[in-house]
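One letter stands for each residue in the lines below.
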Amino acid sequence: MAVPVQAASPVWETVLEQTKSAQDKNSDPLLWAVQLSSSLNSAGVSLPSIDLAHLLVSHICWDNHVPIAWKFLEKALTVKFVPAMLVLALLSTRVIPSRKFHPAAYRLYMELLRRHAFSLECQINGPNYRKPSHWGAFVQQLRVIAANSVALRNSKHVTPEALLQLTSDTRKVLSRECKTISQQEFLAVIGSGSLTSSSGHCHGTNPSANWLPIDLFLENAMDGSQVAATGAVERLTGLVKALQAVNGTTWHDTFLGLWIAALRLVQRERNISEGPVPRLDTCLCMLLSITPLVVANIVEEEESELIDDSDFSSSNQTKEKQASGRCRRDLISSLQMLSDYAALLTPPQLVCSVANQAAAKAIMFVSGLTVGNGNYECMSINDMPMNCAGNMRHLIVEACIARNLLDTSAYVWPGYVNARANIPRSVTSQVPGWSSLMKGSPLTPTLINALIATPASSLAEIEKIHEIATKGSDDEKISAASILCGASLVRGWNIQEHAILFITSLLSPPVPANYSGSESHLISCAPFLNVLLLGISPVDCVQIFSLHGLVPLLAASLMPLCEVFGSTAPNVSWALPTGEELTSHAVFTNAFTLLLRLWRFHHPPLEHVTGDATPVGSQLTPEYLLLVRNSKLSAFGKSSKDRLMIKRLSKNLNFSLELIYLDSFPKLKRWYRQHQECIASTLSELVQGTSVHQIVDALLNLMFRKISRGGQSLTSTPSGSSSSSASGAEDVSMRLKVPAWDILEGTPYALDAALTACAHGRVSPRELATGLKDLADFLPATLVTIISYFSAEVTRGIWKPVFMNGTDWPSPSANLFMIEQQIKKIIAATGVDVPSLAIGGNTPAMLPLPLAAFVSLTITYKLDKASERFLVLIGPALNSLAEGCPWPCMPIIASLWAQKVKRWNDFIVFSASRTVFHHSSEAVVQLLRSCFASTLGLNPSTIYSNGGVGALLGYGFGSHFSGGISPVAPGIMYLRVHRSFRDIMFMTEEIVSLLMSSVREIASGRLSREKLKKTKFGLRYGQVSLDAAMTRVKLAASLGASLVWLSGGLSLVQSLIKETLPSWFISSHAPEQDGGEPGGVVAMLGGYALAYFAVLCGTFAWGVDSASSASKRRPKVLGAHLEFLASSLDGKISLGCDFATWRAYVTGFLSLMVRCTQKWVLDVNVDVLKRLSDGLRQWNEDELAMALLGLGGVGATAAAAELIIESGV
């Protein structure tokens, strides 16, 4: 049976020498595997390798029958260097006949069989492993073991019957005559979600593709163009629970899939191109803060339910005690298995030192050496153990320990720490840090800087800083605010949720008990509040607040600041440590611009004045954010989930539970109404002599004070504005010492006058840009009005375009052609046919006047830290405005910005390329088609031809390749453009269509056809196995469900289930859409695909239980859908689809409800359940009919009893 490796081959001689050397040194198997991989890759050996399997087995049997050699073999199997089936087959001919002479080898062989036997089924039918000399002998040996092994009969993991199942030819095969499969067969295939299941490894499907929706959710959450009112913890918890239920997997596999998806997210950000968007810190927040909190929710929920159950059955205490740790044990095993994914665990360069520190902490704990009170951040580099080799798993474990999901026993897991690290005998040198603070050290400048740069490691440390921020001196409060907004906010993953809650609470300081002043108590807190506002303004910080679900609370904290400081004239100032003066205008600007970044105020006004469907996310208004805030606080503490969360929160937190409405802030409300009016219609006439007219006049003098036109007025406008004589800069400054709200009220009229003057030639383009910059510098909050006014004017189309010639206006000609070519390259890489994008001939580059003025203003800003918070406000607005303009407005703007910031070139080009999908629905359809094709491996010509997550999402976006911009995976492109789609309703129909066409591809054999030679084992050429076909169908359906949910949320999912699917079933379909054969395999698979797709959509939107607020909408929509099913079964509705499709859909949908979403059944009217049950019985689906009634509650009991009597059960 053995096939000897050619001894003359240099590569195998090298491998054998490496193995013997590692064996003599008793090297770590992982290190051996890394060195082996390097050698094989250099020699061009593809993995898994048949020759390597022969070499390792021959090496062990029997000259090197030692434990370390078996560990090497196990590692080779784990990392898939060798085919498991072949290794077990080779060992069977060596070990089983010699089991009496080598009992230890036999025990090791049985252990390998236990671990790898059930991943063999797909390999049995895979390429290269079908040699009868291998398989036939192996089958014989397996049957010998099943018949004679006492150990196998006593095994808890593998039974003789299960082992014999692998040797039999009972696998379900799909033929053209196949019209249905049983409920058990359907659920068995759907439930193959394990990372080690056979369906995960065969036919080119990456095993992690089972958790594709998690990858898509995580990547979608990284889009900084939109913050979310609902936190990622809540949404991701629901998603993970849904996938675990529908896939029927263990929590071990579910947690492992979650960790791997989050690690992939971080790896995609390693070399991302530079730009003003959330970056690595946001990704690390998702991995090390959000994901552990999701796991904590799931673990604590399970354990709380078990505790509640034990209250009613105290006699079962022992059983409950044993069961209480099931979810937690699966978490531990998943984290232990993460060591097998070494490539994903490599830390990004920015966190290498932190990972090493986490590893050093474990090493020193194991060695019995401690540092101070456990604060390892105070160690100097010289004191850290050598060769600690920290990775991302060390950081994950620390995040779990901090949330009481693990304890320090994790430090002694096999392979967790480097056993050969050089450990210092003592740690004496310490630098100031958190341990110094906890010991009572005062806040000296050195300690403050150290605390700003180093994240806190415990809740107690954050509480100490919060105490200083509330009870310390004014200087101490400012220092504490700086510390809270430093590394503890951005990279304090173990305490991040506490840091952002404390910051949010500090933005709403209570009224002092002895306060009696006439002005707001907030005024005296201005320097302290300003430090907080500036500290949380960076783009990553805002996104971190969004991920943690604090946006509604943050908005409610910012509104009083805007109201108070916007209503205060800048007559009082505060001296800052930097020597600058802080005014009420500055505090207002920082609070107001931050508030407006929390909803899409800059979205193109066109959505408000056309009949197109409103894009998802436009509901994020001030009223909506307050509504969410009020709802959450009103309900907080009433659910078991909240009670568990309260246990984790600090007792020092204090939030007002008082309901807040926009009416509480009259100035803010008045501005918001003016903002909406500006969008909807032209400006009303400005009444002369009013205070608003005087402010407008002063603003125009501020903007154009350097312009002299004799006696001609520069400010007279059709809207009624007139000019008084120039009164000098000092007079203007005095006239503008008014509250910021008053200035914002007059700003639209000043902008209208300035734009009109430029259009009539009284102000040059350069003077207009300078005037706009002077206005924005005077009160940066006016940028908000500039954005909304110019956006509205562009969409009205009343301004003539201007020539971007480089004289009057900046010219894009230096790089416009190159930008267009790069846009074409990016679009083509996504699999979309590139439309005609060129300007053509000598056509001049032109922009609408308001857009030209806006972009001219934006490129005057410097790229420094002071301007960053304004650029992150301007950038999305400029993109959004340009997307709504005709081509080639966006390439022109991209060219101008790429000239200004060359290092942002890739990001700017990528942003510009998204405009194509905004203008072309056909391009959107092609992008969707490319997403399906890449995920299923239908694009062999692309760089990602194997399908799965890697093909869909690639490795992020950046210049990874020499010679310029890299391709963008279609999934990344889709996730960055779907928010700008105007008509999202058509997407459900397109996704359903693409899902069905994917099913046709699968069943036709282009994907999973197994090209077999005729063998005595019965599988012939041209047959498609059920598990292979359904695995691909399941992947396509999960992709479709994810895209529907992420694109349109709850409303789009409900529209799909209530309208789109019923319409599809009623409509007639051409024969080729059902594979050309009515009742054939395509029709059947299509029905099952739609069933899995529909249930997944529902679980994503509503959840599998009733924990989310969205679940309250489930009974109505689900009831309507099941009423449609029941009416069709009653014969009241005529269907246009194939009967095999319909039957597969009905049985598949109801089977998934019965097994995976049992609480859904309770939402359904009992009469509907009875009618569904009657229809199922007509199809001889008695078991499913009984199960459906059995879950229907008390009302369905009588019907279930009747069914039992009638069926004779």
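All figures in this text were calculated on a predicted structure; none of them were measured in a lab.

Caption draft 1: Fine view of the packing of aromatic side chains. A full pass over the atoms with the stated rule returns 24 aromatic pairs. When the centroid spacing of 5.2 Å and the interplanar angle of 70° are considered together, the rings of F365 and Y411 count as edge-to-face. Here F365, found in helix α20 (residues 352-367), pairs with Y411, found in the loop between α21 (392-402) and α22 (434-438); they are 46 residues apart in sequence, far enough to count as distant. Relative accessible area serves as the criterion here: at 38%, F365 is assigned to the partly exposed category.

Caption draft 2: How the structure looks around the packing of helix α47 (residues 921-935) against helix α50 (residues 985-1004). Two elements in contact, α47 and α50, have axes whose closest approach is 10 Å; the angle formed by their N-to-C orientations is 40°. One way to sum up the angle between α47 and α50 is to call them oblique. The handedness of the crossing between α47 and α50 is right-handed. Across the interface between the two elements, S921, V924, V925, L928, R929 and F932 of α47 pack against F986, E990, I991, L994, L995 and S998 of α50. By residue class, the composition of the contact of α47 with α50 is 8 nonpolar, 2 polar and 2 charged.

Caption draft 3: Region of the structure containing the side chain of T291. Here T291 is to be found in helix α16 (residues 280-312). We classify T291 as buried; its relative accessible area is 0%. Contact partners of T291, with chain neighbours within four places excluded, come to L258, W259, A262 and M286.

Caption draft 4: Seen up close, unusual backbone geometry. W62 follows C61 through a cis peptide bond whose omega is 0°. Relative to the assigned elements, W62 resides in the loop between α3 (50-60) and α4 (67-78). With an omega dihedral of 10°, the bond running from W887 to P888 counts as a cis peptide bond. Along the chain, P888 falls in the loop between α43 (865-883) and α44 (889-900). Here N404, not a glycine, exhibits a phi torsion of approximately 60°, which is positive. Among the structural elements, N404 can be located in the loop between α21 and α22.

Caption draft 5: Geometry of the side chain of E563. With respect to the helices and strands, E563 occurs in helix α30 (residues 551-566). Despite its burial, E563 remains without a salt bridge, the nearest opposite charge being carried by K667 at 6.7 Å. A polar atom in the side chain of E563 sits 2.9 Å from the backbone nitrogen of K667. A polar contact is formed between the side chain of E563 and the backbone nitrogen of L668, at a distance of 3.0 Å. Dropping the residues within four chain positions of it, E563 is found in contact with F665, P666, K667, L668 and W741.

Caption draft 6: Representation of the packing of helix α41 (residues 816-829) against α44 within the structure. Contact pair α41 / α44: the axes reach a minimum separation of 9 Å and the direction vectors enclose 115°. As judged from the angle between their axes, α41 and α44 are roughly perpendicular. Judged by the sense of rotation from one axis to the other, the crossing of α41 with α44 is right-handed. Contacts between α41 and α44 involve L816, I819, E820 and I823 on the former and, on the latter, P891, I892, A894, S895 and A898. A per-class count over the contact of α41 with α44 returns 7 nonpolar, 1 polar and 1 charged.

Caption draft 7: The arrangement of the UniProt feature "transmembrane region" (unreviewed entry) in the protein in detail. Feature annotation in UniProt assigns "transmembrane region" (unreviewed entry) to the following positions: residues 1035-1057 and 1081-1104. Annotated as 100% helix and 0% strand, the span residues 1035-1057 places its first and last C-alpha atoms 20 Å apart.

Caption draft 8: Just the nonpolar core, in detail. Membership of the largest hydrophobic core comes to 332 residues, with the highest contact counts inside it found for F592, F1093 and Y1145. Per-element tally for this core: the top contributor is helix α51 (residues 1026-1066), with 20 residues. Ignoring anything within four residues of it in the chain, the contact list for Y1145 reads L1061, F1065, G1087, Y1088, L1090, A1091, A1094, H1121 and L1125.

Caption draft 9: Here's a closer look at the state of the cysteines. All chains considered together, the criterion is met by 0 disulfides. C885 provides the cysteine sulfur closest to C889, a residue in no disulfide bond, and the two sulfurs are 4.7 Å apart. Among the residues examined, C889 registers a relative accessible area of 5% and is labelled buried.

Caption draft 10: Here's a closer look at a nonpolar patch on the surface. Nonpolar side chains collect at one region of the surface, where F365, V366 and V412 lie side by side and expose about 270 Å² of accessible area between them. Position of V366 relative to the elements: it lies in helix α20. What makes V366 partly exposed here is its relative accessible area of 43%.

Cut-offs applied
- Residues numbered from 1 in each chain as written.
- Predicted model: local features only at pLDDT ≥ 70, side-chain atom pairs only at ≥ 80, totals over all residues.
- Heavy atoms only, no water.
- Phe/Tyr/Trp six-rings, centres within 6.5 Å; stacked < 30°, edge-to-face > 60°.
- Helix = DSSP H or I, 4+ residues; strand = E, 2+ residues; numbered from the N terminus.
- Buried < 20%, exposed > 50% of the residue type's maximum accessible area, 1.4 Å probe, protein only.
- Axes fitted to C-alpha atoms, helices over the stretch in contact; angles between N-to-C directions.
- Parallel < 35°, antiparallel > 145°, perpendicular 65-115°, else oblique.
- Left-handed = near helix turned anticlockwise from the far one by under 90°.
- Contact = heavy atoms within 4.5 Å.
- Nonpolar A, V, L, I, M, F, W, Y, C, P; charged D, E, K, R; others polar.
- Lys, Arg positive; Asp, Glu negative; His and termini not counted.
- Salt bridge = Lys/Arg side-chain N within 4 Å of Asp/Glu carboxyl O.
- Polar contact = N/O pair within 3.5 Å; in protein donor to acceptor, adjacent residues only side chain to side chain.
- UniProt positions renumbered as here; feature names shortened; annotations may be inferred.
- Core = buried A, V, L, I, M, F, W, Y, C linked by side-chain atoms within 4.5 Å.
- Disulfide = S-S within 2.5 Å.
- Patch = residues over 30% accessible without salt bridge, like charges linked within 9 Å, V, L, I, M, F, W, Y side chains within 5 Å.
- Areas by Shrake-Rupley, 256 points an atom, 1.4 Å probe, with all protein chains shown as cover.

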